[in-house]
Amino acid sequence: MPTQCAPDIAILGGGIAGLWLLNRVRQQGYSAVLLTDQDLGHAQTIASQGMIHGGLKYALSGTLSGESEAIAAMPARWEACLAGHGEIDLSAVNVLSRDFYLWSSGKLASRLTSFFASKTLRGRIERMDRDAFPDALAHKAFRGSVYRLVDVVLDVPDLLDKLAAPHRDRIYRVDPAQLRWEHANGHASSLCIGDGIRINARQFVLAAGAGNAALLQQLGSQSPAMQKRPLHQVIVSQPGLPALYGHCTGTAAKASPRLTISTHTRRDGQRAWYLGGDLATEGIARDADAQIAFAKKELSALFPWMDWQHARWASLWIDRAEPLQQQLIKPDEAFAATANSARNVIVAWPTKLTLAPDLADRVIALLDAPQQPDANTVLPLPAPGIASPCWETLL
Ligand SMILES: Cc1cc2nc3c(=O)[nH]c(=O)nc-3n(C[C@H](O)[C@H](O)[C@H](O)COP(=O)(O)OP(=O)(O)OC[C@H]3O[C@@H](n4cnc5c(N)ncnc54)[C@H](O)[C@@H]3O)c2cc1C
């Protein structure tokens, strides 16, 4: 006789999307379990730079896009959580930085300077005096302008741990090869795990990032369809590296940052810079050696006063998973929709760590009212750990 449980909701995927949602639905009285195939955060969430941003980086072109507007409300919701009075108590989460900078290698184009001074951005961006520049830019050879944004950077492994902690008895690790759906008449009745476990949830949420495509295929669903957008990030570590968080713009007005830097302290106490931005999006055309050589050239050009001789380097390929868009353009906001082959299966992609609260709202709007009491059926499955970030595993 298989072990059975019948929660209101079974969530597949233990990244930011699944964990944020698990917290929200259990607060609202739903019984729920979360199943994931690796350690929590594995894939995109643990690869993220942890920046909770209001979309200002998309405003570099001088206009606020749809994406900027959708995302603009998110920092306040995260801040409330971090202060302990938001929708989830994140007051114990380690904030890596509240100083998030936007700087230019040369003079910012005058169009951008007047945009930054505009009413839209008042209170969200502040021009720094030279004596308040972050250490990494406080060198007499640095000629550009520096702005401070009202954005925070979170310690992602710690965030995952704090989101999972209250729900550890509802989070399980599964082998995806063992998963089998039972569904008929446009309804998924059970998710079987091998022969021994049957989950008869009333609704299922696929929050498995890039894994959603395979789950949808198993269900026979053609929509919603997924796209992947690759990134080729770089990690560099060396003794004495200063902490720096922010975006470097090129001299030309461009909609995306030339380089995005976040700083992470490794277990051995040494800091690593994690590099994204145009370096990572355009770097998909370069192999690992060429990407590292390019990153060295960029850092030498942007920080000529720093010596990179003793640095250790690595690069990371990672796909962003999102709903399919025309011509692989960026999705505007978090996405949740019902699978076309099973009306009780919801498919979800946050598209950004920052948009996890928006994603949970969208999923909750698609849920039926809670019905099942939260019976604590213990499933004979292992518990996942927390994934290790690339600055620990790759250097
Ligand atoms: C390099 C990089 C940097 C980024 N930086 C930022 C940033 O600074 N700020 C920001 O807002 N956003 C950032 N993002 C975007 C953000 O990381 C993602 O949008 C977000 O983490 C996606 O979360 P997720 O939970 O949907 O997916 P994931 O984090 O990929 O989690 C999905 C989980 O599902 C599991 N899974 C897969 N298949 C199955 C299955 N069959 N059954 C069960 N479980 C399964 C996987 O193991 C995985 O843990 C970044 C993304 C990348 C790639």
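Residues numbered from 1 in each chain as written. Predicted model: local features only at pLDDT ≥ 70, side-chain atom pairs only at ≥ 80, totals over all residues.

S.K.: Could you give me a rundown of the overall build of the protein, with the residues and numbers involved?
M.R.: Along the backbone of the protein there are eleven helices and 21 strands. The 395 residues of the protein split such that 45% are buried. Taking contacts inside the protein between residues at least 6 apart in sequence as the whole, the part at least 24 apart equals 74%. (Helix = DSSP H or I, 4+ residues; strand = E, 2+ residues; numbered from the N terminus. Buried ≥ 20, exposed ≤ 12 C-beta atoms within 10 Å, placed from the backbone. Contact = placed C-beta atoms within 7 Å.)

S.K.: Pulling in residues and values, what's your account of helix 4 (residues 74-82)?
M.R.: Looking only at helix 4, the buried set comprises M74, P75, W78, C81 and L82. When helix 4 is viewed along its axis, its buried side chains cluster within an angular range of 120° and face the same direction. Trailing helix 4 by a residue or two, G84 shows a phi angle of about 90°, which is positive. (Arc of directions from axis to C-beta.)

S.K.: Residues and numbers for the environment of A288, please.
M.R.: Tracing the backbone through its elements, the reader meets A288 in helix 9 (residues 288-302). In the structure, A288 is positioned 26 residues away from A314 in sequence and 7.8 Å away in space, judged by C-alpha atoms.

S.K.: Lay out helix 10 (residues 356-364) in plain terms, naming residues and giving numbers.
M.R.: Buried within helix 10 we find A356, P357, D358, L359, A360 and V363. Along its buried surface, helix 10 packs onto helix 1 (16-27), helix 4, strand 14 (203-206), strand 20 (335-339) and strand 21 (342-349).

S.K.: Help me get a handle on the site of the ligand, residues and values and all.
M.R.: In the neighbourhood of the ligand, 39 residues make up the surrounding shell, with G13, G15, A43, G209 and G211 lying closest. Residue classes in the shell around the ligand are distributed as 18 nonpolar, 18 polar and three charged. Each of domain 1 (3-45 + 159-225 + 329-393) and domain 2 (97-152 + 228-320) contributes no fewer than three residues to the shell around the ligand. (Near = placed C-beta within 6 Å. Nonpolar A, V, L, I, M, F, W, Y, C, P; charged D, E, K, R; others polar. Domains from an automatic or database assignment.)

S.K.: How would you sum up the sheet that holds strand 7 (residues 125-127)? Please name residues and give values.
M.R.: What links the strands of a sheet is backbone hydrogen bonding, and the strands pair in either a parallel or an antiparallel sense. The strand order across the open sheet formed by eight strands is 7-8-6-16-17-18-15-19, and the pairing between neighbours is mixed. The open sheet has two edge strands with one neighbour each: strand 7 and strand 19 (312-323). Across this sheet, the average inter-strand angle for adjacent strands is 25°, counted without regard to direction. Pairing analysis gives twelve bridges linking strand 15 (residues 226-237) to strand 19, with the strands arranged antiparallel. Across the sheet, residue Q227 finds its bridge partner in strand 19, namely E322. (Pairing = 2+ DSSP bridges. Axes fitted to C-alpha atoms, helices over the stretch in contact; angles between N-to-C directions.)

S.K.: For the nonpolar core, give the residues involved together with the corresponding values.
M.R.: Counting residues in hydrophobic clusters, the biggest one holds 105 residues, and the most contacted among them are A10, I11, L21, V205, L206 and A348. The leading source of residues in this core is helix 1, at seven residues. In this view, L21 contacts I11, V205, A207, A360 and V363; residues no more than four positions away in its chain are not counted. (Core = buried A, V, L, I, M, F, W, Y, C linked by C-beta atoms within 7 Å.)

S.K.: Break down the packing of helix 1 against helix 6 (residues 156-164) for me, citing the residues and quoting the values.
M.R.: Here helix 1 crosses helix 6 at 30°, and the two axes come no closer than 9 Å. With respect to their mutual orientation, helix 1 and helix 6 come out roughly parallel. Helix 1 and helix 6 meet at a crossing whose hand is left-handed. Across the interface between the two elements, L19, W20 and N23 from helix 1 touch L160, L163 and A164 from helix 6. Looking at the contact of helix 1 with helix 6, its residues break down into five nonpolar, one polar and no charged. (Parallel < 35°, antiparallel > 145°, perpendicular 65-115°, else oblique. Left-handed = near helix turned anticlockwise from the far one by under 90°.)

S.K.: Lay out the pairing of strand 16 (residues 246-249) with the relevant residues and their values.
M.R.: The side chains of a regular strand alternate, residue by residue, between the two faces of the sheet. The alternating pattern of strand 16 places G246 and C248 and H247 and T249 on opposite faces, both of which are buried. Here strand 6 (residues 100-104) pairs with strand 16 via four bridges, running parallel. Paired with W103 across the bridge in strand 16 is C248. Taken together, the three bridges between strand 16 and strand 17 (residues 259-265) define a ladder with antiparallel strand orientation. Counterpart to C248 in the pairing with strand 17 is L259.

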